[in-house]
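Observations on the model geometry
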Amino acid sequence: MSALDWLIVLGLNGAIIAYGFRRARGTSTSGEWFLSSRSLPWWAVGLSLFATNMDNSEFVSATGTISSEGLHFLSAHTFGGLVGVTLATFLIVPAIYRAGLYTNAEYLEHRFGPGTRVLGALIQIQYRTSVLGLMIWSVYLTLVGVGGLRPGLAWTLIVSLVVLSGAYTAMGGLRTVVATDVLQSVLVIAGGLAVCVAVWQAVGGWDVMMAELESLGTAAEGLAPGLAAPDLAHVSSFRGRDGNTSPVVIFIAWILISSGWWTVSHTSTQRMMGARSLWDMKMAGVLGVGVSLVVLVFTDMLGLFGRARFPDFAQPDAMYPHLIATYLGVGAKGLVVAGVVSAAVSTFDSMGSSMSAVFTRDIYARFVSRDRDDAHYLRVGRIATVAILVLGFAYLPLILRAPTMLAAFRSVTSVFVTPLLIVYLVGAVTRTNRRVGIFGLATGGLYGVVGFLDREVVDVSWLPAWLTGQWEAFVWAIVFTAAGCAVAALHPRWRRASPVTEGVAPSGWLAKSSGQLGPIRLHPFEGRVPLLASPVLYTGVLAAISAWLVFGLFW
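Below, the discussion takes up the overall build of the protein. Counting its regular elements, the protein contains 23 helices and zero strands. Expected size for 555 residues packed as a compact globule is a radius of gyration near 24 Å; at 23 Å, the protein falls within 12% of this value. Expressed along its principal axes, the backbone C-alpha trace of the protein runs to roughly 70 × 55 × 50 Å. Relative to its 555 residues, the protein shows a buried fraction of 61%. Contacts in the protein between residues far apart in sequence, at least 24 positions, make up 84% of those at least 6 positions apart.

This paragraph deals with the environment of Pro492. Assignment of secondary structure puts Pro492 in the loop between helix H21 (472-490) and helix H22 (508-514). Of the residues examined, Pro492 reaches a relative accessible area of 55% and is grouped as exposed. Put simply, Pro492 and Asp181 are 311 residues apart on the chain and 50 Å apart in space, counted from C-alpha to C-alpha.

Together, Leu531, Leu532, Leu537, Tyr538, Val541, Ile545, Trp548 and Leu553 line one region of the surface with nonpolar side chains, adding up to about 780 Å² of accessible area. Note on placement: Leu532 falls in the loop between H22 and helix H23 (535-553). Taking the relative accessible area as the measure of exposure, Leu532 reaches 67% and is therefore exposed.

A word on the packing of helix H19 (residues 436-456) against H21. In helix packing, the relevant descriptors are the interaxial angle and the interaxial distance, both defined with respect to the helix axes. In contact at an axis separation of 7 Å, H19 and H21 are set at 150° when each is read in the N-to-C sense. Between H19 and H21, the angle falls in the class roughly antiparallel. The interaxial crossing formed by H19 with H21 has right-handed handedness. Here Val436, Phe439, Gly440, Thr443, Gly444, Tyr447 and Arg455 of H19 lie close against H21, whose contacting residues are Glu472, Ala473, Trp476, Ala477, Phe480, Thr481, Gly484, Cys485, Ala488 and Ala489. Per-class residue counts for the contact of H19 with H21 are ten nonpolar, five polar and two charged.

Calculation rules
Residues numbered from 1 in each chain as written. Predicted model: local features only at pLDDT ≥ 70, side-chain atom pairs only at ≥ 80, totals over all residues. Heavy atoms only, no water. Helix = DSSP H or I, 4+ residues; strand = E, 2+ residues; numbered from the N terminus. Rg over C-alpha atoms; globule rule 2.2 N^0.38 Å. Buried < 20%, exposed > 50% of the residue type's maximum accessible area, 1.4 Å probe, protein only. Contact = heavy atoms within 4.5 Å. Patch = residues over 30% accessible without salt bridge, like charges linked within 9 Å, V, L, I, M, F, W, Y side chains within 5 Å. Areas by Shrake-Rupley, 256 points an atom, 1.4 Å probe, with all protein chains shown as cover. Salt bridge = Lys/Arg side-chain N within 4 Å of Asp/Glu carboxyl O. Axes fitted to C-alpha atoms, helices over the stretch in contact; angles between N-to-C directions. Parallel < 35°, antiparallel > 145°, perpendicular 65-115°, else oblique. Left-handed = near helix turned anticlockwise from the far one by under 90°. Nonpolar A, V, L, I, M, F, W, Y, C, P; charged D, E, K, R; others polar.

As structure tokens, then:
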């Protein structure tokens, strides 16, 4: 990259980071730090959700996966996001919001007891720090593949980004993170669309790309088993790395993966819970998933264009950086890399803020030190922010072993995230007894661990692939979790137990801090919500668009 490109990268991101430090001043209470005192408007929350969802690993992993496995990933970016945001903003998060709670793990104790709460908190920390590992690796690939940096210098820059984003997040909390995310979202959109336009023009458009794929047939290197190059343009063509997985199972798995991000991850639910009203929460979800859908659909096409132009490209995860380095000129290259770096920083700060909140409230303040002053827990949250970000580096060995970054992520996600999603849904939509949560997590989590060990550590020959396969694991996780929930719900000694949380009200600082959130607002309008401002209307529009894309154009 040229000096001008580096000036763009460092100048734009440096300005946003400096703005983060400026906005961080003045945060003095836990209510402000953890949830911005429930004062955030829908457009700010929505753009923050988009910026966090669109981390740099999304660009890199989507392009690489689609170049070798095809457009099945489109299911996550359409129906997956839509189903996830609907469950989150219409069912799960409103229940947490109305209860006056700070974290989604806190809701698990409210509904199912302290054991479920601590398990939920640990699962979230494990889940989100694994995603940090994906982001770190994708930034490294971009800095080396596009920027031409030596490995040592690339790692130095990555560590600097982690430290700086962690520092302003530790100072300002959610209010600062959302403010910087709004700016970073603009940079991410500009960079993402710039590379899409450049590659589209260089290749010659969709028809030329499809003709090139047709001419390749089965000659291209690195395709998933059973695929020819033209099959990459169809969602249903990919049938797993073993060639035997139903595309319907893969479609369901992507919905569960995306739903986990929107519901289980406090990275997203924290933003929703900081909204100034329940209407703002729902509209923020629609905006976040809608903008993500548009940008990601364009990004998904890069995998097809990359395979058509570079049929023998051996490293799928390096495809996105290679396209940038090949097709973008001076200035544009800097803008795209600036967007990649900005996407990383936006997710670094988001995960630092949300996971430190989970650790501080759901583990430290609940089980370690219950009744200190507000300033003490602010200090703990700030220290935890940096510690959480450092944990992301621990997942690099697993990522490097996998065929693609996304394959590593899928294998980890099915272990605990899907069981936790099912438990949240059971808590939000039923009034069943309090034993259900821990039993559901136990049975679903035990299955997840056995499946992960079979896939990644020791192949147990007597366990069938249809039970432990990477895609099938998501469906079976539902079955085993639901079975555990059902056993506890129907147990004769427990089924008549009250589902109401008796004797587990928060005490000490946890109870005092709940009073800082203010009253619950339904919406900011006088009278009824206007039809054109209805979140249900726009959710329906996104559902129609998703159905057209997946089942009409690309199935």
